[in-house]
Amino acid sequence: MYADYHLHSFYSDDSQTPMDDMVRRAIALGLEEICFAEHVDYGIKTVQNCDYDAYFTALEDMRQKYRGQIAIRGGIEFGVQLETIPQFTAAFESYPFDFVLYSCHQLNNLQFCCNEYQVGKTQDEYQAGYYTGIYELICQYKLYSVLGHLDLIKRYDRRGDYPDEKILPLAEKIMKQAIADEKGIEVNTSTRRYGMPGTSPSRRLLELYHDLGGRIITIGSDAHDPAHLADMIPETQKLLKEIGFREICTFEHMQPVFHRL
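Here's what I pulled together on the structure shown here. (Residues numbered from 1 in each chain as written. Predicted model: local features only at pLDDT ≥ 70, side-chain atom pairs only at ≥ 80, totals over all residues. Heavy atoms only, no water.)

## Regarding the overall build of the protein chain
Across its full length, the protein chain carries 7 helices and 11 strands. On C-alpha atoms alone, the protein chain measures out to a radius of gyration of 17 Å, which is about the 18 Å that the 2.2 N^0.38 rule sets for 261 residues. Principal-axis analysis of the C-alpha atoms places the extent of the protein chain at approximately 50 × 40 × 35 Å. When each of the 261 residues of the protein chain is scored for burial, the buried share is 56%. Contacts in the protein chain between residues at least 24 apart in sequence constitute 75% of all its contacts with a sequence separation of at least 6. A total accessible area of about 11,100 Å² is found for the protein chain, and carbon and sulfur atoms account for 49% of it. A distance of 5 Å separates the average location of the 26 positive side-chain charges in the protein chain from that of its 39 negative side-chain charges. (Helix = DSSP H or I, 4+ residues; strand = E, 2+ residues; numbered from the N terminus. Rg over C-alpha atoms; globule rule 2.2 N^0.38 Å. Buried < 20%, exposed > 50% of the residue type's maximum accessible area, 1.4 Å probe, protein only. Contact = heavy atoms within 4.5 Å. Areas by Shrake-Rupley, 256 points an atom, 1.4 Å probe, with all protein chains shown as cover. Lys, Arg positive; Asp, Glu negative; His and termini not counted. Charge placed at Lys NZ, Arg CZ, Asp CG, Glu CD.)

Take a look at the structure:
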């Protein structure tokens, strides 16, 4: 299965790409299935959240236009925080999502990308705080499919490399909870365009997930324009096979569909 399970269009506030451009490029690349995952981050005033009605109307238009050429799934990227669980729950119950990425973009309404959360903390404090926040959230919030770019904090760590070994106990708690809840993780391949090595999460964290018995795993480029569509997906499939994974997942109506690697 050649699929990209994390795409953004102009229904996300940080993309200007028409949905049609993404779909046509995906078909040209030979992708069999794609999933849009537009941003929603309640609690952050600077974020213009996805217009759900317009988004699902556009999805249906694309499905009709490209029927038989590619499968197009309607996903969403929820930046859930403990205090915004009710808003995300209401949204989930109101729309027919195929797939929900839970991505930790901020804690206490403080964003990582702007260094708001990190300021005034040591590297140990904000690294531990990030993973602790994810664990506390998924103990309460279950309306998601996979954990998006689990080690995202690395992208915004101005103090440089932070060894995976330091956060393995926290990552293990997160993964065990996700596995118990029959949820999965995403392999996000956007690292190359951010000048980072490997994938997100790292190979070490992917090995941990495998060793813990995790099976549900998706691959997404996190592309915001067609130039990055499907970036590193073949290489990532090879990496997963090397680690020992035998399947990857797509989703339909919030249910995982397994495909042999």
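What follows continues from the structure just given.
## Some thoughts on the sheet that holds strand 8 (residues 184–188)
Whenever strands of a sheet pair, they do so through backbone hydrogen bonds, lying parallel or antiparallel. Pairing within the open sheet is parallel, and its 7 strands lie in the order 1-2-3-4-7-8-9. Two strands close off the open sheet at either side, each with one partner strand: strand 1 (3–7) and strand 9 (217–220). Relative to strand 8, strand 7 (residues 146–147) is paired through 2 bridges, and the arrangement is parallel. By the bridge assignment, Leu-147 is partnered in strand 8 with Ile-185. (Pairing = 2+ DSSP bridges.)

## Overview of empty space enclosed by the protein
All chains considered together, the criterion is met by 2 cavities of 30 Å³ or more. Its volume calculated, the largest cavity comes out at about 70 Å³. Considering the residues around the largest cavity, the lining is formed by His-149, Asp-151, Leu-152, Lys-154, Arg-155, Asn-188, Ser-190, Thr-191, Tyr-194, Met-196, Thr-199 and Ser-200. For the lining of the largest cavity, a count of residues per class yields 3 nonpolar, 6 polar and 3 charged. Looking at the lining of the second largest cavity residue by residue, the classes come out as 6 nonpolar, 2 polar and no charged. (1 Å grid on protein atoms, 1.4 Å probe; cavity = no way out; pocket = protein on both sides within 12 Å on 5 of 7 lines; lining within 4 Å. Points joined across faces, edges and corners; volume = space filled by probe spheres on them. Nonpolar A, V, L, I, M, F, W, Y, C, P; charged D, E, K, R; others polar.)

## Topic: the state of the cysteines
Such a bond, covalent and formed between the sulfur atoms of two cysteines, is termed a disulfide. For the coordinates displayed, the defined rule picks out 0 disulfides. Distance from the sulfur of Cys-104, which forms no disulfide, to the nearest cysteine sulfur (Cys-113) is 12 Å. Of all cysteine sulfurs in the structure, the one in Cys-114 sits closest to Cys-113, which takes part in no disulfide; the separation is 3.6 Å. (Disulfide = S-S within 2.5 Å.)

## Regarding the pairing of strand 1
Among the 5 residues in strand 1, 5 count as buried, and that is most of the element. Here strand 1 runs beside strand 2 (residues 33–40); their pairing, made up of 3 bridges, is parallel. Each bridged residue has a counterpart across the sheet, and for Leu-7 the counterpart in strand 2 is Phe-36. Between the parallel pair strand 1 and strand 2, the chain is carried across by helix 1 (residues 19–29), and the sense of this crossover is right-handed. (Right-handed = clockwise from strand over helix to strand, strands pointing away.)

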